[in-house]
Amino acid sequence: MTIARKSHARRKLKAANSSGGGIETPSRPAPALARAGVRPSKSRGQNFLTSGAVADRIVAAAELSESDPVVEIGPGLGILTEKIAARPLRSLTLVELDPRLAVRLRERFADSSDANVRVINADFLAIDFAALVTDSPVKVIGNLPFNVAAAILRRLSDNARMISRMVLMFQREVAARIRAVPGDEAYGALSVFNALYWKIDLHFSVAAGSFHPRPKIDAEVLAFTPRATSSFAAGNEDERDVLETVRASFSAPRKTIRNALSHAIGIDSPRIARVLERAAIDPGTRAEKLGVPDFLRLAHALRVELSGRIVIRDA
């Protein structure tokens, strides 16, 4: 892409923003939302980023290059999109749930010379990620809706082999759980699920005042890269059993691992003792002290003892 083309596109965008039909400055999103007929929804976890400096930092963390296909989740009014699209990219796919915002995004980036921009009006949790991605691996960027952020991370983890890097924003408390390590107060099942698939190489806080409407707590941005060596072959029984083992282990976090497993899976004490001995795990320890290698050994030991699939019984 030539400098002249990029300059033309930026002049065009600037002119559109200064006109009556354009998007207002990121620090004042309310008029643009009102004109689109959109009221931020608590049920959808909608908090629109207003800080251009934070947006710059997020995009820089993605380490974009001209060969990258990029997926942005929940672009909203396009504060991140504008900065992503200004980079030389292979392609940019925007997944926006709100149809009114999707229309505005299509209008805004229809003639963009900075990237091949495609807008998908859909719920990210309902789409086929493999069908969405025409080139892989992709980079994923998003200010995630706070109420479904953990579910979106789970869906992305299911497709980790198609992703080279992710930069995602979460509520601070959720982010703390995601990046926690054994022994941390926030460490739990979500921490282990994340560690099975990803390494976090960067994180920074975002003040609540950087959003409209202002949330009650701060946010945090995390940068993820997939683990060089998979913990298991994705999609097979081994993966499923490891995930079920983690869920069972944290089903009663105040109980010892022996009691938590016995309650969740419904096997008696002698069998649990054999499982833990085979996995080289102290029966008196708690799940919060165990790391990924422990859970991998534990899942294998349970599968051997049960001679098949690990199933958590109904509470």
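Residues numbered from 1 in each chain as written. Predicted model: local features only at pLDDT ≥ 70, side-chain atom pairs only at ≥ 80, totals over all residues. Heavy atoms only, no water.

1. Digging into the nonpolar core
A general trend in soluble globular proteins is that nonpolar side chains are found buried together.
No. 1: In this structure, Phe129, Val140, Leu156, Phe170 and Leu298 are the most contacted members of the largest nonpolar core, which totals 62 residues.
No. 2: Among residues more than four places away in sequence, those in contact with Phe170 are Leu144, Phe146, Ala149, Leu153, Ala175, Ile178, Ala219, Glu220, Leu222 and Phe224.
No. 3: Of all hydrophobic cores here, the second largest spans 31 residues; its members include Val54, Ala102, Leu105 and Val119. (Core = buried A, V, L, I, M, F, W, Y, C linked by side-chain atoms within 4.5 Å. Buried < 20%, exposed > 50% of the residue type's maximum accessible area, 1.4 Å probe, protein only. Contact = heavy atoms within 4.5 Å.)

2. Focus on helix H7 (residues 149-158)
No. 1: Among all positions in H7, only Ala149, Ile152, Leu153, Leu156 and Ser157 are buried. Buried positions in H7, seen along its axis, are confined to an arc of 140 degrees and lie on one side of it. (Helix = DSSP H or I, 4+ residues; strand = E, 2+ residues; numbered from the N terminus. Arc of directions from axis to C-beta.)

3. Observations regarding the pattern of salt bridges
Side chains carrying opposite charge are able to pair once their charged atoms draw close together.
No. 1: In the structure shown here, the tally under the stated rule is 18 salt bridges.
No. 2: One salt bridge connects Lys83 with Asp56, and the closest N-O pair in it is separated by 3.1 Å. With Lys83 in helix H4 (residues 79-85) and Asp56 in helix H3 (residues 52-61), the pair connects residues that are 27 residues apart, well separated along the chain.
No. 3: Of the residues examined, Lys83 reaches a relative accessible area of 23% and is grouped as partly exposed. (Salt bridge = Lys/Arg side-chain N within 4 Å of Asp/Glu carboxyl O.)

4. Things to note about the packing of helix H8 (residues 172-179) against helix H9 (residues 189-197)
No. 1: At a minimum axis distance of 6 Å, the contact between H8 and H9 shows a crossing angle of 60 degrees. Classed by the angle they form, the pair H8 and H9 counts as oblique. Here Val174, Arg177 and Ile178 of H8 come into contact with H9, specifically with Leu190, Ser191 and Asn194.
No. 2: Split by residue class, the contact of H8 with H9 holds three nonpolar, two polar and one charged. (Axes fitted to C-alpha atoms, helices over the stretch in contact; angles between N-to-C directions. Parallel < 35°, antiparallel > 145°, perpendicular 65-115°, else oblique. Nonpolar A, V, L, I, M, F, W, Y, C, P; charged D, E, K, R; others polar.)

5. Looking at the sheet that holds strand S7 (residues 198-206)
No. 1: Pairing in this open sheet of seven strands is mixed, and the strands run S4-S3-S2-S5-S6-S9-S7 from one edge to the other. Lying at the two open borders of the sheet, with one neighbouring strand each, are strand S4 (117-121) and S7. Direction aside, the axes of adjacent strands within the sheet are offset by 15 degrees on average.
No. 2: Where strand S3 (residues 91-96) lies against S4, five bridges are found, and the strand directions are parallel. Its bridge partner lying in S4, Leu94 is registered against Val119.
No. 3: Packed on one face of the sheet, H9 meets S7 and strand S9 (219-226) and runs near 125 degrees to S7. (Pairing = 2+ DSSP bridges.)

6. Things to note about the packing of aromatic side chains
No. 1: Under the defined criterion, the tally for this structure stands at six aromatic pairs.
No. 2: Taken together, a centroid distance of 6.2 Å and an interplanar angle of 65 degrees make the contact between Phe170 and Phe224 edge-to-face. On the criterion of sequence distance, the pair formed by Phe170 in strand S6 (residues 163-171) and Phe224 in strand S9 is long-range, its members being 54 residues apart.
No. 3: When the centroid spacing of 6.1 Å and the interplanar angle of 75 degrees are considered together, the rings of Trp198 and Phe224 count as edge-to-face. Of this pair, Trp198 sits in strand S7 while Phe224 sits in strand S9; the two residues are 26 residues apart in sequence, bridging distant segments of the chain. (Phe/Tyr/Trp six-rings, centres within 6.5 Å; stacked < 30°, edge-to-face > 60°.)

7. Structural notes on unusual backbone geometry
No. 1: Note the cis peptide between Ser136 and Pro137, where omega equals 5 degrees.
No. 2: Relative to the assigned elements, Pro137 resides in the loop between helix H6 (129-132) and strand S5 (138-143).
No. 3: With an omega of -10 degrees, the peptide bond between His212 and Pro213 qualifies as cis.
No. 4: Along the chain, Pro213 turns up in the loop between strand S8 (211-212) and S9.
No. 5: Located in the positive-phi region is Ala280, a residue other than glycine, with phi close to 60 degrees.
No. 6: One can find Ala280 in the loop between helix H12 (269-278) and helix H13 (292-306).
No. 7: Here Ser307, not a glycine, exhibits a phi torsion of approximately 55 degrees, which is positive.
No. 8: Take Ser307: it is sitting in the segment after H13.
No. 9: Its relative accessible area of 68% is what places Ser307 among the exposed residues.

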